[in-house]
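# Reading the structure
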Amino acid sequence: MIRLEKRKEPSRFWRIANPFLAVLLTMIAGGIMFAALGKDPVAAIRLIFFDPIFSETFASYSRPQLLIKSAPLILIAVGLAIGFKANVWNIGAEGQYIIGALFGAGVALAFFPAPGWYIFPLMVIAGAFGGFLWAMIPAILKTRFNTNEILVSLLLVYVAERILAAMALGLMRNPDQPGFPGSRDLRRYEAAYNAEIFAGTGVHWGVVAALIAVIFAYAMMTRHMLGYHVQLAGQAPRAARFGGVSPARLVVICLGISGALAGLAGMFEVSGPGGQVRIEFASGYGFTAIIVAFLGRLNPFGIVLAGLLLGLTYIGGELSQMMLQIPGAAIQVFQGMLLFFLLALDFQTNYRIRLTKGARA
Amino acid sequence: MRQPLLRLEGLTKAYPGVLANDDISFQIGTGQIHALLGENGAGKSTLVKMIFGLVAPDKGRMTLRDQAYAPAQPSEARQNGVAMVFQHFSLFDALDVAENVALGMEKPPALRDLAKRIRDVSEDYGLPLDPYRLVGELSAGERQRVEIVRCLLQDPKLLIMDEPTSVLTPQEVEILFRTLRQLSSEGTSILYISHKLEEIRALCDEATILRNGRKVATCDPREKSARELAELMVGQVLTPPERPAKPKGEVLLSVENLSLKSNNPFGTSLKDISFRLHAGEVLGIAGVAGNGQDELLLMLSGEILSPSGQVRLKGQPIGQLGPNARRVRGLVTAPEERLGHAAAPDMSLTANALLSGAKRKGLVKHGFIDWAKTDIFAHAVIAKFDVRTPGSHVLARALSGGNLQKFVIGREIELAPDVIVVNQPTWGVDASAAAFIRQALLDLASAGAGVLVISQDLDELLEVADSFAALNEGRLTATRPAKGLSVEAIGLMMGGAGDMHVAHEAAE
C-alpha cells in the first residue's frame, strides 16, 4: 500500500530538481502526443527545444527572438511571483498587459508625428500606469468588498480584449489606411520606436527593464521590509498582522506591482516587436507568465531561466508549425503540461511517499 | 489488589532521534483511577497512543482482561471497550451536540433516539447537556462534556482522559471529578493524564510517573506530597520564583469601558472592559478558554483597533495605533498561539526575531533590513533564554513547543518594554522552562514594567500575580489583590460551575 507522510521540512532537493524533472516529463509526454499526431517525436522535440538555438539554419533568426519572447514573460512573472508569495493571486496579467500597451500606444499616437526624446519615457510611464490601473480594479474590489481577486482579475482580461478590439477598429485606427484594422505602425515613428539597442541581438528596452526588475525584485524580497512582509503574509497571515502588516495594503501593493510590470511589458511589445495596436495583439504572455513564475520557483533568478525556456517553446512552436505542420495549439498543450507536471511533482517537496507492506484493516 | 484490567509489559517505542517510551510496564486495575504523570515530552502521549491503537509499539505487549491486546487502530480499541477523551476536541462548531456525537459513531441511531440517550447518560452522570444546542455556542467545559458523553455511550471499560481539566473552572473540575468517581465505583477504569499534582492527589488511586520516556515510579499519590511528586516528575529540586514586595507605581496601561465586537462568528465580544495596570505590577487575568482572552490580547496588541481614548498607554491614547506603533511606545505582546501567530512557522529564528523587534530594536533602516544586526538580536534571545536550538537559522516550526515559547517570550522581554501582555505564557511548556519564564516576567516587573498575564492556569496566576481579575463571557471582573484570594473565590469570579445558561447572555 502507498502511504503519504508529511515531511518535517520541505525538501530542498526536490524544490530545485522538480522543475528540471517537469521539463523532462513534458518532453516525454509531448513526444507521445506528437507520435499520436503521426509526427516523428524526436524530430519535433529537437525542433522545439534545440534547433532554435543550435541549428545553423534557424539560429540567426531564432536567437534574437529568444530574448524578444522571454523578456515580457520574465517582466510579468517577476511581478506575479511577488503577489503569489503573499497569496495574492493575480491571474489577469494578460489584461494588464493589454491595457499597458494601449496606454503606451495612446501616448505615442497622441504625439504623432512630433519628434522628441521625452516621448518614449512618457510612454513607459503611461504603460506602467495603465497596467497598474487595471490591476487596481481587483485590488479595490477585494479590499472593499472582499471579492475574489482570481476571478475578478481573470474576467477583466476579457474586458481588456474587447477594449483592445474597439481601439484597433475605432479610436486608434490608422487614419491613413482606414481600410485596415489596426493603428499606425510605431516602428515607423522614431520617437516612439522601442528599437533594438544592439542590432541583431533582440535586446530592446523591454529586455533591460526585465533585468532591472529581476534585480530589484531580488533585493526587495531578501533585503527590504516589504519583501519580508510579503513572505509573512503568505506563510502566516496571523503572524503578519502581529508584525503590523496591513493585509489590505499588501493586496494593493502586490496587485499594483504586478499590474505595473505587466503594463510595462505590453508597452514595450506594442512599441517594438508587436509594432501596432491590432486585434490579435495579445499573445498569451500574461498567462504563460504564470507558468514561468511557478517553474522559476517564484525566485527572480529562477524566473529568468524559466522565462528563457518558455520563450524557447514559443519560437520552437512556430518552427515546428512551419516545418512539421504541427498544430499551433500543440504548444499551449505543451506549456500546460509543464505546469501540470510541476505541480504534481511538487507534492513530493512536502510529502514523502512510503510503500508499506500489506494493507491495514 | 483489584483484578487488573490492562497490563502493559515492556512497551518501547522509538522515533528517529528519540526513545519516546523505554520499557514501560504497569497495570491498571478494574475500576481504578490511574494517573499518568509527567512533563511535556516525558512520553505520556506516545504511551496513550499505543493503548488507543494510534501507534504500534516497537517492543513489549499489552494484555486486556487476560487477552493479548494489540489494537491496529482506534476503532479496534473502541470495540475492546477502550475510549479516549482528547485534550483538543474534535467537534464541529456549526453542528449540534447530537449531530456531533452521531458523526463519531459507526452506526448512528436516529437522531431523536440518540438525543434521548445523550440526555439519559448526561443526567445519570451529572453532566447536563442539551443535545440540540450548537456546539459553537458551548463553553469549553460543555464541549468536554460532549466528548465524555460520546465515550460513555460506548459503555467503555477503560476511559482515557488527556489533560481534561486544563480548560475547566474549579467548580467544573469538581463536577468532572464526581463523574469520574461515579464511573470508577461502577467498575470503569480511568487512565488520567495530567501534570497537575493536586488534582491527581485528590482523584487518583495510583500514579505512574514518567520522565524522559522511562517509568520512574508507580505510587499511591495520596501518600506523597505534591512537592515529592513534582520532584519525581522533573528529576530535580524546584525553587519557586522570587518576588520581592514593592509599592505600586504610576498607571502605565489603562482601559476604560471598552466594548468590542469579535469579528469571528464563534468568538467572544468584549463587553465593558476596564482595568488599570501599574508600574511594577503583575496583573493576572484568569478565565476559561474562549471567554475573550484572544480578543483582549488582540485589542491590546493593536491587531484589532479600538476607539482611541479608551485604551491609554502612559496617559496617551493608543486605541487607533497598530502593533508597531504600540511597540515603539513601549507596549509589547506575546499571543497564546506560538506557531502562526507569535512566530511564522516556516521562517528562521532570525527572521522571526525581526517580526516584533524590527522597529524597537532599530533593525531596519530606510526600509532595508539589517540582517546581521537581526541575527545578533536573535542570538541574544537564544543565549539569554536558554533556547535549545542548533542555531538561529533553524525554522521556528522545528523547535519544540517549550523552546519556541522561550524564544517568543524572550524576544518580547528583550525589547525592554514598559508594558508586556502575555497570553498563556507557559502553555505546553515543561516545568523548568515554565519556572524560568515566570521568573523572567517577575524580573521585568521588579525592574518597573507593567506585566499583564492572561492565563487559564490558576496555579500560575497565584504564583506570579499581585492583582487578579477574571474574564467571563467577554466581561472582566473588578481587579482584586491576589494576596489572600482563595481558589473558591477565584472560581466564582471566573463565572463558576453550574452556569449552563451563560450562552443566553451572549444573545442580548
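Higher on the page you've got the structure.
Residues numbered from 1 in each chain as written. Chains lettered and ligands numbered in written order. Predicted model: local features only at pLDDT ≥ 70, side-chain atom pairs only at ≥ 80, totals over all residues.

What follows deals with the sheet that holds strand S11 (residues 251–260) of chain B. All names here are of chain B. Pairing within the open sheet is antiparallel, and its 4 strands lie in the order S12-S11-S14-S15. The open sheet has two edge strands with one neighbour each: strand S12 (270–278) and strand S15 (316–317). Here S11 runs beside S12; their pairing, made up of 6 bridges, is antiparallel. Bridged to Val-251 within S12 is His-278. (Pairing = 2+ DSSP bridges. Helix = DSSP H or I, 4+ residues; strand = E, 2+ residues; numbered from the N terminus.)

With that settled, consider the interface of chain A and chain B. Facing 18 residues of chain A, the contacting portion of chain B comprises 25 residues. The set of elements that each furnish at least two residues to the side of chain A that touches chain B consists of helix H9 (225–235) and helix H10 (237–242) of chain A. No other element matches H9(A), which puts 5 residues into the side of chain A that touches chain B. Of the residues belonging to the side of chain A that touches chain B, the class tally is 8 nonpolar, 4 polar and 6 charged. (Contact = placed C-beta atoms within 7 Å. Nonpolar A, V, L, I, M, F, W, Y, C, P; charged D, E, K, R; others polar.)

Turning next to the sheet that holds strand S3 (residues 33–37) of chain B. Residues and elements named next belong to chain B. Reading across from one edge, S6-S7-S8-S3-S9-S10 is the order of the 6 strands in this open sheet, with mixed pairing throughout. Among the strands making up the open sheet, the edge pair consists of strand S6 (82–85) and strand S10 (214–219). Recorded for the sheet is a direction-independent mean angle of 20° between the axes of neighbouring strands. Sheet strands touched by helix H6 (residues 170–185): S3, strand S7 (158–162) and strand S8 (189–194). Its angle to S8, the strand with the most contacts, is close to 145°. (Axes fitted to C-alpha atoms, helices over the stretch in contact; angles between N-to-C directions.)

A few words now on the packing of helix H11 (residues 349–360) of chain B against helix H12 (residues 371–384) of chain B. Helix-helix packing is characterised by the crossing angle of the two axes and by the distance between the axes. Residue and element names in this part refer to chain B. Packing of H11 against H12 brings their axes to within 8 Å, and their N-to-C directions diverge by 95°. As judged from the angle between their axes, H11 and H12 are roughly perpendicular. Along the contact surface, H11 presents Leu-349, Thr-350, Ala-353, Leu-354 and Gly-357, while H12 presents Thr-374, Asp-375, Phe-377, Ala-378, Val-381 and Ile-382. (Parallel < 35°, antiparallel > 145°, perpendicular 65-115°, else oblique.)

A few words on the nonpolar core. Within the largest apolar cluster, 250 residues are counted, with the highest numbers of intra-cluster contacts made by A:Ile74, A:Leu75, A:Ile76, A:Ala77, A:Val292, A:Ala293 and B:Val453. No other element matches helix H4 (residues 56–85) of chain A, which puts 15 residues into this core. When residues are assigned to domains, this core turns out to be shared by domain 1 (4–234) and domain 2 (251–506) of chain B, each giving three or more. (Core = buried A, V, L, I, M, F, W, Y, C linked by C-beta atoms within 7 Å. Buried ≥ 20, exposed ≤ 12 C-beta atoms within 10 Å, placed from the backbone. Domains from an automatic or database assignment.)

To continue, consider the environment of A:Arg188. With respect to the helices and strands, the residue A:Arg188 is situated in the loop between helix H7 (149–169) and helix H8 (205–223). Taking the C-beta count within 10 Å as the criterion, A:Arg188 has 11 such neighbours and is therefore assigned exposed.

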